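Here is what each chain is made of, one letter per residue.
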Amino acid sequence: MRKLIIFFCFIFLSSLLYGQQLPQYSLYMLNEVIVNPAALSKEKNNKVTLMLTDQWSGFEGAPTTQSISYNHLNHNKFKAGISLMNDVTFNISVLNATLSGSYSIPLQGKDRFAFGASASIMQHRFDNSVLKTATGALDPAIGGGVDKQTGSSVAAGFYYYHPDYYIGFSVPNIVAIPSSISDQNENHYYLNSGVNINFKDNNKIIPSLMIKKQGALPMQFDLNLRGVYHDFLWTGVSFRTGDAIVALFGINYGQSVFGYSYDITTSTISIPSAGTHNLVYSYKFKVKPKDRDKDGILDSVDVCPKIPGIIALQGCPDKDKDGIKDSEDECPEEFGLKINNGCPDKDSDGVIDKNDECPETPGLLKFKGCPDRDGDGLQDRLDECPDEFGPLMNKGCPKSPAPDTIFITIVDTVYVSVNDEDMPIFIKAPEDLKEVFKYIKFQYDRYVLTQSSKSVLDQVADYM
């Protein structure tokens, strides 16, 4: 008995030195929420999970842990969970109640990112009546009775996941208010990841890894490998550095999942025991599919889950029934074509009615949907001769220009009408200026103008 007391006093003093050691779970991969609250987002069903751990079985006063948890996942993005855990080591016990929550964000494809947090209230209990002397009497230096104190802690975590892989990081004791019995809550750091390697007929191999770090203790690695047969029977092995080799076994049957593991201690501490046993049982509840907007399309596939819609538009509404969901329809109250972003164009001129100043008559975009029948660049409602080509200065009518007026025809020929007294000296009787260019000549076999040609052009330039 004295050796037993000395042994557990050593454990207790170590806990005060290094802080509160969280329970060890060999089957944490079946309920990852116990190590990372953000893992709630990866769960697909509401479920109850029971976990039992009997460490160093057969050794009096060895640690035992019992926990029960419930995950509530009915919301599309926010998940919640609650758990109750009882951890007993000799005369020290901890009763822990935890409330967890997680929020996920969709990323590209099927990838999602989640962050979560949990808050725990703990009651630490120290039973002094267990500590006795070699004669079996209570130690007068300690006395009998039971000491109880409460403490609390907050955990946080992140989770990035896909149906075929995941990676998570968590800090269980990121904020802690310790009790006077356990006056330190040393931070734990968990990094875990895994991959689903899928084969035919629901067969798969699932390698996974967890890295754990607690205070001044050395870093610990959990290397796991499980094989699943027809999504029914699974088995595997784990190796926990500096601690144990673990055999894994489980069955998935209907809505139930059963898991068992057996730890073979490999550490330098030699403890005569029948090994460590872990049991996990989960029951998944059948969740009635939700349809919040009552449109006959389940929320899981409804793009607009809060607004009644139609199947063709993945549950989104289309008030004007033009085949374009209201959120993408610039005119959700009026029937229109997709090419016009759902807006009507009665005259089919490519200018939607709300921007068309002549909505009943086909027109041009540059005139805001109004026509220009004669193509003279002046819209019909401003054109005094809408069926005859005419310049803008004549308000669209083909009137004769005044003397000395220059305008450009459709062949871009320049005409100038002049009086006789304004004629250049070298023009005898032409009625238009293009006669001048008959006098323009180049030097023989060269591209240089003759001197007289230069003089002609100079006079034309002076006149213009």
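Since the structure is predicted, the reported quantities are computational estimates derived from the model, not experimental observations.

Chemist: Which residues make up the state of the cysteines, and what are the values?
Modeler: One pass over the full model with this rule turns up 4 disulfides. With its sulfur 1.9 Å from that of its partner, C358 forms a disulfide with C370. Taking the sign of the torsion about the S-S bond as the criterion, the disulfide between C358 and C370, at about 85 degrees, is right-handed. Of the two residues, C358 is situated in the loop between β15 (276-284) and α2 (451-463) and C370 in the loop between β15 and α2; the sequence distance between them amounts to 12 residues. With respect to burial, C358 and C370 carry one shared label: buried. Between C385 and C397 runs a disulfide, and the two sulfur atoms are separated by 1.8 Å. Between C385 and C397 the disulfide shows an S-S torsion of about 95 degrees. By sign, it is right-handed. Pair noted here: C385 is in the loop between β15 and α2 and C397 is in the loop between β15 and α2, with a separation of 12 residues, a long-range link. When sorted by exposure, C385 lands in the same class as C397, which is buried. Shown here for the protein chain is a disulfide pattern of 1-2, 3-4, 5-6, 7-8, where each number marks a bonded cysteine counted in sequence order.

Chemist: Tell me about the pattern of salt bridges, and please be specific about residues and values.
Modeler: If the charged atoms of two oppositely charged side chains come close together, the side chains can form a pair. Applying the stated criterion across every chain, the model contains 15 salt bridges. Its salt-bridge partner being K319, residue E333 comes within 3.1 Å of it at the nearest N-O pair. Here the residue E333 occupies a position in the loop between β15 and α2, and K319 occupies one in the loop between β15 and α2, the gap between them amounting to 14 residues. Judged by its relative accessible area of 52%, K319 is exposed. Of the charged contacts, one joins K354 and E330 as a salt bridge, the two residues approaching to 4.0 Å between their closest N and O atoms. A residue pair is termed long-range when its members are at least 10 positions apart, and K354 in the loop between β15 and α2 and E330 in the loop between β15 and α2 qualify at 24 residues.

Chemist: I'd love a proper account of the nonpolar core, names of residues and values included.
Modeler: Ranked by internal contacts, the top residues of the largest apolar core, which has 16 residues, are L27, Y28, L30 and W234. If you list the elements that add at least two residues to this core, you get β10 (204-214) and β13 (244-253). Other than its neighbours up to four places away in sequence, W234 contacts L27, L30, R226, G227, V228, L248, F249, G250, I251, N252, F258 and G259.

Chemist: Got a sec to walk through the confidence of the model for the protein chain? Specific residues and values, please.
Modeler: Note that predicted coordinates carrying low pLDDT should not be read in detail. Mean pLDDT over the protein chain: 81, with 80% of residues reaching 70 or higher. The secondary structure element of the protein chain with the lowest average pLDDT is helix α1 (residues 2-18), at 39, and the one with the highest is strand β12 (residues 233-240), at 95. Segment residues 1-20: pLDDT under 50, and 41 contacts once partners within four positions in sequence are set aside and those in other chains are kept. Predicted confidence is poor over residues 409-431, with pLDDT under 50, and the contacts of this stretch with residues over four places away or in other chains come to 31 contacts.

Chemist: So what's going on with the pairing of strand β3 (residues 78-89)? Residues and values would help.
Modeler: As paired strands, strand β2 (residues 64-72) and β3 are joined by 9 bridges and run antiparallel to one another. When the sheet's bridge partners are listed, Q66 is paired in β3 with N86. Here β2 folds back onto β3, and the loop between the two strands holds 5 residues. Where β3 lies against strand β4 (residues 92-106), 12 bridges are found, and the strand directions are antiparallel. Opposite M85, over in β4, you have N96 as the bridge partner. Hairpin connection, β3 to β4: the antiparallel pair is bridged by 2 residues, and F90 has positive phi, about 55 degrees.

Chemist: Report on unusual backbone geometry, specifying residues and quantitative values.
Modeler: With the exception of glycine, most residues fall at negative phi, and the peptide bonds are largely trans. If you check the backbone angles, S348 has positive phi at about 55 degrees while not being a glycine. Of note, S348 is situated in the loop between β15 and α2. Note on S348: relative accessible area 63%, which makes it exposed. At K368, a position not held by glycine, the phi torsion is positive, near 55 degrees. Tracing the sequence through the fold places K368 in the loop between β15 and α2. Residue K368 is classed as partly exposed on the basis of its relative accessible area, which comes to 47%.

Chemist: A description of the packing of aromatic side chains should follow, citing residues and the corresponding values.
Modeler: The full count for this structure, using the stated rule, is 6 aromatic pairs. Ring geometry for Y103 and F115: centres 6.0 Å apart, planes at 45 degrees, overall tilted. Taken together, the residues Y103 in strand β4 and F115 in strand β5 (residues 112-127) connect sequence positions 12 residues apart. For Y103, a relative accessible area of 32% corresponds to the partly exposed category. A relative accessible area of 37% means that F115 is categorised as partly exposed. Here Y159 and Y166 contribute two aromatic rings whose centre-to-centre distance is 5.7 Å and whose plane-to-plane angle is 5 degrees, an arrangement assigned as stacked. According to the relative accessible area criterion, Y159 is buried, its value standing at 0%. Taken together, the ring pairs in this structure connect Y70, Y283 and F285 into an aromatic cluster. Of note, K42 hangs over the ring of Y166, and the distance from its end group to the ring centre comes to 4.0 Å.

Chemist: I'd like to hear about the environment of D320, residue by residue, with values.
Modeler: Here D320 shows up in the loop between β15 and α2. Classification of D320 by relative accessible area gives buried; the value is 10%. For the pair D320 and E334, spaced 14 residues apart in the sequence, the C-alpha separation amounts to 5.4 Å. Residues within four places of D320 in sequence aside, it is in contact with D329, C331, P332, E333, E334, F335 and G342.

Reading the values: the criteria
Residues numbered from 1 in each chain as written. Predicted model: local features only at pLDDT ≥ 70, side-chain atom pairs only at ≥ 80, totals over all residues. Heavy atoms only, no water. Disulfide = S-S within 2.5 Å. Helix = DSSP H or I, 4+ residues; strand = E, 2+ residues; numbered from the N terminus. Buried < 20%, exposed > 50% of the residue type's maximum accessible area, 1.4 Å probe, protein only. Salt bridge = Lys/Arg side-chain N within 4 Å of Asp/Glu carboxyl O. Core = buried A, V, L, I, M, F, W, Y, C linked by side-chain atoms within 4.5 Å. Contact = heavy atoms within 4.5 Å. pLDDT = per-residue confidence, 0-100. Pairing = 2+ DSSP bridges. Phe/Tyr/Trp six-rings, centres within 6.5 Å; stacked < 30°, edge-to-face > 60°. Lys NZ or Arg CZ within 6 Å of the ring centre and 35° of its normal.

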